[in-house]
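# Descriptive analysis of the structure
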Amino acid sequence: MEPTSTKLITRWAGAEPTTVEDELVVEEPLEIRVAQQSLIVVMRTPGHDFELAAGFLYTESLITCSDDIGVIAYCDEDVPESQRGSFASYQNIVNVQLTEALDLETQSGWQRNFHANASCGLCGKMTIDAVRQQVSPLNSGFRINQTVLYQLNDRLRTAQSVFERTGGLHAAGLFSETGELLIVREDIGRHNAVDKVIGQALLADMVPLERHILMVSGRASFEIVQKALFARIPVIVAVSAASTLAVDLAQEGNLTLIGFMRGQRMAVYSCPERVHCEA
């Protein structure tokens, strides 16, 4: 699998939309198995998967040297031929056969079958099938004017009080359909910031958020799109790029995913019909 992929997107410059091809970084799950026993699912950009599996085992003290590894291979036999080009690709499952059997239950401080994202994210996912949870597509007729979207970045940035002091935190903000910032939360992990925003909305009896907009200070990943679908948020705006998997899930969920929100420019990756221009 290639580390990048092109997607057809809609770019806006002021009041003018243009359909163009854009190159995105690929985000895919990698299930690491030890002796065919599922160990962890990590989200990664394809490439150097065997090195990733070996490095993970080593830094978790499950092996002590390369001699502990017998064979590392993709689990070709576990995926039907018809599915090898899809989310369940055989290149998303790696099996590590060790020279000596490893009893995970006896490893101090180790908990088998969890999920680790490059910058946090979904936890407790045991297999690739568990990563993509079943969430019904949005059926909201919500539409938003592009002039409202252009205001969000400055409003979120102004509200990032901790970032102003440290420069090291992500932020997530929940906006109304008129662009009013209702909830803002900061966290070292953008997924944590999103969880905090949705949790506050839940406690305030605001969920489902069918006429709201979620903005994140970093990139838009698969996990963030999935969290928004659970909360029924129809529009996500990100300051940075979106991954291929995030765009795919947004399209499946009828969610409008927007990236590269800078001034009066943005890239609409999915459901561009939800964004309209003021007459």
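One can find the structure itself at the top, above this paragraph.
Scope of this entry: the structure provided in the associated data block.

The rules we used
- Residues numbered from 1 in each chain as written.
- Predicted model: local features only at pLDDT ≥ 70, side-chain atom pairs only at ≥ 80, totals over all residues.
- Heavy atoms only, no water.
- Helix = DSSP H or I, 4+ residues; strand = E, 2+ residues; numbered from the N terminus.
- Buried < 20%, exposed > 50% of the residue type's maximum accessible area, 1.4 Å probe, protein only.
- Contact = heavy atoms within 4.5 Å.
- Areas by Shrake-Rupley, 256 points an atom, 1.4 Å probe, with all protein chains shown as cover.
- Bend = angle between axes of the 7 residues up to and from the residue.
- Core = buried A, V, L, I, M, F, W, Y, C linked by side-chain atoms within 4.5 Å.
- Phe/Tyr/Trp six-rings, centres within 6.5 Å; stacked < 30°, edge-to-face > 60°.
- Salt bridge = Lys/Arg side-chain N within 4 Å of Asp/Glu carboxyl O.
- Axes fitted to C-alpha atoms, helices over the stretch in contact; angles between N-to-C directions.
- Parallel < 35°, antiparallel > 145°, perpendicular 65-115°, else oblique.
- Pairing = 2+ DSSP bridges.
- Polar contact = N/O pair within 3.5 Å; in protein donor to acceptor, adjacent residues only side chain to side chain.

## Let's talk about the overall build of the chain
Helices and strands together make up the secondary structure of the chain, namely seven helices and 15 strands. Every one of the 279 residues in the chain was classed for burial, and the buried ones make up 48%. Contacts in the chain between residues far apart in sequence, at least 24 positions, make up 55% of those at least 6 positions apart. Working note: accessible area of the chain is about 13,100 Å², and carbon and sulfur atoms make up 49% of it.

## Regarding the side chain of Gln146
Tracing the backbone shows Gln146 in helix H3 (residues 146-159). A relative accessible area of 4% places Gln146 in the buried class. What Gln146 contacts, discounting residues up to four positions off in sequence, is Trp12, Gly14, Ala15, Met266, Val275, His276, Cys277 and Glu278.

## Describing H3
One full turn of an α-helix is made of 3.6 residues, so residues set three or four places apart face in the same direction. Approximately 25 degrees is the largest bend angle found in H3, and it occurs at Leu152. When we look at burial in H3, the residues that qualify are Gln146, Val148, Leu149, Tyr150, Leu152, Asn153 and Leu156.

## Examining the nonpolar core
Within the largest apolar cluster, 35 residues are counted, with the highest numbers of intra-cluster contacts made by Leu214, Val225, Ile236, Leu255, Leu257 and Tyr269. If you list the elements that add at least two residues to this core, you get strand S9 (170-176), helix H5 (190-203), strand S11 (212-216), helix H6 (222-231), strand S12 (235-238) and helix H7 (244-252). The biggest single contributor to this core is H6, with six residues. Judged by nonpolar contacts, the second largest core, of 20 residues, contains Phe175, Ile213, Met261 and Val275.

## Examining the packing of aromatic side chains
Counting across every chain of the model gives one aromatic pair. Ring centres of Phe50 and Tyr74 lie 4.9 Å apart, and the angle between their planes is 50 degrees; this geometry places the pair in the tilted category. Of this pair, Phe50 sits in helix H1 (residues 49-59) while Tyr74 sits in strand S5 (residues 69-74), and the two are 24 residues apart along the sequence. The partly exposed category is assigned to Phe50, whose relative accessible area is 31%. Residue class for Tyr74 comes out partly exposed when judged on its relative accessible area of 28%.

## Some points on the pattern of salt bridges
Summed over all chains, the structure comprises seven salt bridges. In this structure, Lys7 engages Asp248 in a salt bridge whose closest nitrogen and oxygen atoms are separated by 2.7 Å. With Lys7 in strand S1 (residues 4-13) and Asp248 in helix H7, the pair connects residues that are 241 residues apart, well separated along the chain.

## As for the environment of Val197
By the secondary structure assignment, Val197 is in helix H5. Put simply, Val197 and Ala172 are 25 residues apart on the chain and 6.8 Å apart in space, counted from C-alpha to C-alpha. Excluding residues that lie within four positions of it along the chain, Val197 makes contacts with Ala172, Gly173, Leu174, Ile183, Arg185 and Leu214.

## Some points on unusual backbone geometry
The amide bond that connects Val207 to the next residue, Pro208, takes the cis arrangement and shows omega of 5 degrees. By the secondary structure assignment, Pro208 is in the loop between H5 and S11. We note that Ala35 has phi near 55 degrees; this positive angle belongs to a residue other than glycine. Relative to the assigned elements, Ala35 resides in the loop between strand S3 (28-34) and strand S4 (37-44). Given the relative accessible area of 43%, Ala35 is considered partly exposed. Positive phi, normally seen in glycine, also occurs at Gln36, with a value near 65 degrees.

## Focus on the environment of Gln97
Here Gln97 lies in strand S6 (residues 93-98). On a C-alpha basis, the gap between Gln97 and Val71 in space is 5.1 Å, while along the polypeptide they are 26 residues apart.

## Concerning the packing of H6 against H7
Contact geometry of H6 with H7 gives a least axis separation of 7 Å together with a crossing angle of 20 degrees. The angle between H6 and H7 places the two elements in the roughly parallel class. Here Phe222, Val225, Gln226 and Leu229 of H6 lie close against H7, whose contacting residues are Leu245, Ala246, Leu249 and Ala250.

## A short note on the sheet that holds strand S2 (residues 16-25)
The pairing of strands in a sheet happens through backbone hydrogen bonds and is either parallel or antiparallel. If you walk across this open sheet you meet the eight strands as S2-S1-S14-S13-S12-S11-S9-S10, and the pairing is mixed. Looking at the sheet topology across the chains shown, the edges are occupied by S2 and strand S10 (181-187). On average, each strand axis in the sheet is inclined to that of its neighbour by 25 degrees, with strand direction left out of account.

## Overview of the side chain of Arg232
Mapped onto the elements of the fold, Arg232 is located in the loop between H6 and S12. A distance of 3.0 Å separates a polar atom in the side chain of Arg232 from the backbone oxygen of Pro137. Dropping the residues within four chain positions of it, Arg232 is found in contact with Val135, Ser136, Pro137, Leu138, Pro208, Leu209 and Glu210.

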